[in-house]
Amino acid sequence: MAKPATATAQAASDHILDTRRLDNADDSTLISAFKEGDRAAFQALVEKYETRVYNHCVRVVGDDVESRDLTQEVFLKVYRSIHKYEHTYAFYTWLYRITVNCCIDHMRKKRRHTQTVSLTQGFQVDAGEQGKEQEIPDEQFGPEHRLVNSELRDVLNDAIAQLSEKLRTIIVLKEVEGFSYEEIADILGCSRGTVKSRLFRARERLKELLAEYVDA
Amino acid sequence: VGTAAGKRRLPKREIPGMVVVRADPLTREGAGMWSDTVSPVIQETRDMRDNCGKFAVELSVYFDGELEGEAAEAMEGHLEVCPSCRASLEKMRRIRSAMHTAAKGPRTQRRSMVDEIMARLDDGGKESTGA
């Protein structure tokens, strides 16, 4: 095997993964490469997670432009603090913690102003999924309140916008993004008991706000 | 925890839907009283607090499939005899289903932010990296 001409070339050779390896690399491999200075590894992490980060932002913040800014802010924080990341949690959990905190900080700053949220505004999917959406009546609300999707979204968005930042965050993490209690506790840095009580409060509040639609 | 929560009285001012009864100015009748005209949701919460205290939070946990063993069995036994908790469970199911439906769309074309993020790093992210 031919030796690199210089130590620098050797280092570069060690650090830079080829495209195929990056495409298939797991998070741990990408993070190790990134910590050693491989920017392409960081880019691969961004490509892998940007949609999920953006979708969480837009679900709790509700504005496309703000959510794109927040997504960038999240990844800049990841870039700057990757040295603090330890493998105690999955990278995905750590990334979500940063995302949630950025969103909560942002919402608190905006609290004085009227907010609207959107579960779906600007919701991103890959190109192949475009055009699948249809106006399907929701069968789960009460029979007298079956709504087409656009109406359903408006009703839900209004209700969710009235929740506090913490309740809004936890109901999205659970009901839309499907995290377990353990994962939510890790993301929020709280106990399982706090997850339980906060979800209970969020649901009671939503039942109240959506009483017209969920009452039998 | 469930027992303690069951005994705890919510401060009246924090209960939406409750209305202070105006006292009769002459007899003072009604002073300090609260109207019974509360929303069905508040009434349901009261019922759960009064009748199903220890089950209120646990019902939400059960709904998420996070209640196990004897606790889950106790909840199932309670649900068989408690229409209020069954109704509450159904409402949670409806809200979840509606949120899933709403979250499915409308969808926009994916517009990657990778280039924007990498450009911002070029503007100053490098100096701060721990790499």
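Residues numbered from 1 in each chain as written. Chains lettered and ligands numbered in written order. Predicted model: local features only at pLDDT ≥ 70, side-chain atom pairs only at ≥ 80, totals over all residues. Heavy atoms only, no water.

### What to know about the overall build of chain A
- If you tally the helices and strands in chain A, you get eleven helices and one strand.
- Scanning chain A from its N terminus toward the C terminus, one meets helices and strands in the order α-α-α-α-α-α-β-α-α-α-α-α. (Helix = DSSP H or I, 4+ residues; strand = E, 2+ residues; numbered from the N terminus.)

### Considering the overall build of chain B
- Secondary structure assignment for chain B yields six helices and one strand.
- Its helices and strands in sequence order give chain B the pattern α-α-α-α-α-β-α, from N to C terminus.
- Out of the 131 residues belonging to chain B, those deemed buried represent 39%.
- Residue pairs in contact within chain B that sit at least 24 positions apart in sequence constitute 45% of those at least 6 positions apart. (Buried < 20%, exposed > 50% of the residue type's maximum accessible area, 1.4 Å probe, protein only. Contact = heavy atoms within 4.5 Å.)

### Overview of the packing of helix α8 (residues 165-176) of chain A against helix α10 (residues 192-209) of chain A
Residues and elements named next belong to chain A.
- The N-to-C vectors of α8 and α10 enclose an angle of 95°; their axes lie 9 Å apart at closest approach. Between α8 and α10, the crossing angle belongs to the class labelled roughly perpendicular. Two secondary-structure elements touch here, α8 through Lys-166, Leu-167, Ile-170, Ile-171, Lys-174 and Glu-175 and α10 through Val-195, Arg-198, Leu-199, Arg-201, Ala-202, Arg-203 and Leu-206.
- Each residue belonging to the contact of α8 with α10 can be placed in one class, and the counts come to seven nonpolar, no polar and six charged. (Axes fitted to C-alpha atoms, helices over the stretch in contact; angles between N-to-C directions. Parallel < 35°, antiparallel > 145°, perpendicular 65-115°, else oblique. Nonpolar A, V, L, I, M, F, W, Y, C, P; charged D, E, K, R; others polar.)

### Things to note about the packing of helix α4 (residues 39-61) of chain A against helix α5 (residues 64-81) of chain A
All names here are of chain A.
- Running from N to C, α4 and α5 point in directions that differ by 140°, and their axes come no closer than 8 Å. Between α4 and α5, the angle is such that the two are oblique. Between α4 and α5 lies a crossing of right-handed hand. On α5, the residues that touch Arg-39, Phe-42, Leu-45, Val-46, Tyr-49, Glu-50, Val-53, Tyr-54, Cys-57, Val-58 and Val-61 of α4 are Asp-64, Glu-66, Ser-67, Arg-68, Leu-70, Thr-71, Val-74, Phe-75, Val-78 and Tyr-79. (Left-handed = near helix turned anticlockwise from the far one by under 90°.)

### Considering the pattern of salt bridges
- Inspection of every chain in the model, using the stated rule, returns 16 salt bridges over all chains.
- Where A:Arg68 meets B:Glu116, a salt bridge forms, and the shortest distance between an N and an O atom there is 2.8 Å. Within this pair, whereas A:Arg68 is found in helix α5, its partner B:Glu116 is found in helix α6 (residues 114-128), the two belonging to separate chains.
- Looking at A:Arg68, the relative accessible area reads 6%, which means it is buried.
- Its salt-bridge partner being A:Arg203, residue A:Glu175 comes within 3.2 Å of it at the nearest N-O pair. Of this pair, A:Glu175 sits in helix α8 while A:Arg203 sits in helix α10, and the two are 28 residues apart along the sequence. The burial state of A:Glu175 is the same as that of A:Arg203; both residues are buried.
- One network of salt bridges, in which partners are shared, links A:Glu175, A:Arg203, B:Asp64 and B:Arg96. (Salt bridge = Lys/Arg side-chain N within 4 Å of Asp/Glu carboxyl O.)

### Comments concerning helix α3 (residues 27-35) of chain A
Residues and elements named next belong to chain A.
- Taken together, the buried positions of α3 are Asp-27, Leu-30, Ile-31, Ala-33 and Phe-34. Around the axis of α3, the buried residues are gathered within 165° of arc, so they sit on the same side.
- Positive phi shows up at Gly-37, right after α3, with a value of about 105°. (Arc of directions from axis to C-beta.)

### Notes on the nonpolar core
- One finds A:Phe42, A:Val78, A:Phe91, A:Leu206 and A:Leu210 to be the most contacted residues of the largest nonpolar core, which totals 82 residues.
- For A:Leu210, the residues in contact, after removing those within four places along its chain, are A:Val155, A:Leu156, A:Ala159 and B:Ile95. (Core = buried A, V, L, I, M, F, W, Y, C linked by side-chain atoms within 4.5 Å.)

### Quick word on the confidence of the model for chain B
Residues and elements named next belong to chain B.
- Looking at chain B, pLDDT values average 72 and 51% of them are 70 or higher.
- Every residue in residues 126-131 is under pLDDT 50, and counting partners more than four places away or in other chains gives twelve contacts.
- Overall fold confidence (pTM) sits at 0.70, and the ipTM for the predicted complex is 0.74. (pLDDT = per-residue confidence, 0-100.)

### Considerations on the packing of aromatic side chains
Residue and element names in this part refer to chain A.
- This structure, assessed with the given rule, holds eleven aromatic pairs over all chains.
- With centroids separated by 4.9 Å and ring planes inclined at 75°, the aromatic side chains of Phe-42 and Tyr-79 adopt a geometry described as edge-to-face. You can see Phe-42 sitting in helix α4 and its partner Tyr-79 sitting in helix α5, a full 37 residues away along the chain. Across the pair, Tyr-79 and Phe-42 agree in class, each one buried.
- Aromatic pair Tyr-92 and Tyr-96: ring centres 5.2 Å apart, planes at 85°, arrangement edge-to-face. Taken together, the residues span about one helical turn, with Tyr-92 and Tyr-96 both in helix α6 (residues 91-109) at a distance of four residues.
- A connected cluster of aromatic rings, assembled from ring pairs, spans Tyr-49, Tyr-85, Phe-91, Tyr-92, Trp-94, Tyr-96 and Phe-179. (Phe/Tyr/Trp six-rings, centres within 6.5 Å; stacked < 30°, edge-to-face > 60°.)

### Re α8(A)
All names here are of chain A.
- Between its first and last C-alpha atoms α8 spans 16 Å; for twelve residues at 1.5 Å apiece the expected length is 16 Å, and the two agree.
- α8 sits mainly inside the fold: eleven of its twelve residues count as buried.
- Restricting attention to buried positions, one finds in α8 the residues Glu-165, Leu-167, Arg-168, Thr-169, Ile-170, Ile-171, Val-172, Leu-173, Lys-174, Glu-175 and Val-176.
- At the exit of α8 stands Gly-178, carrying a positive phi of roughly 70°. (Expected span 1.5 Å × (residues − 1).)

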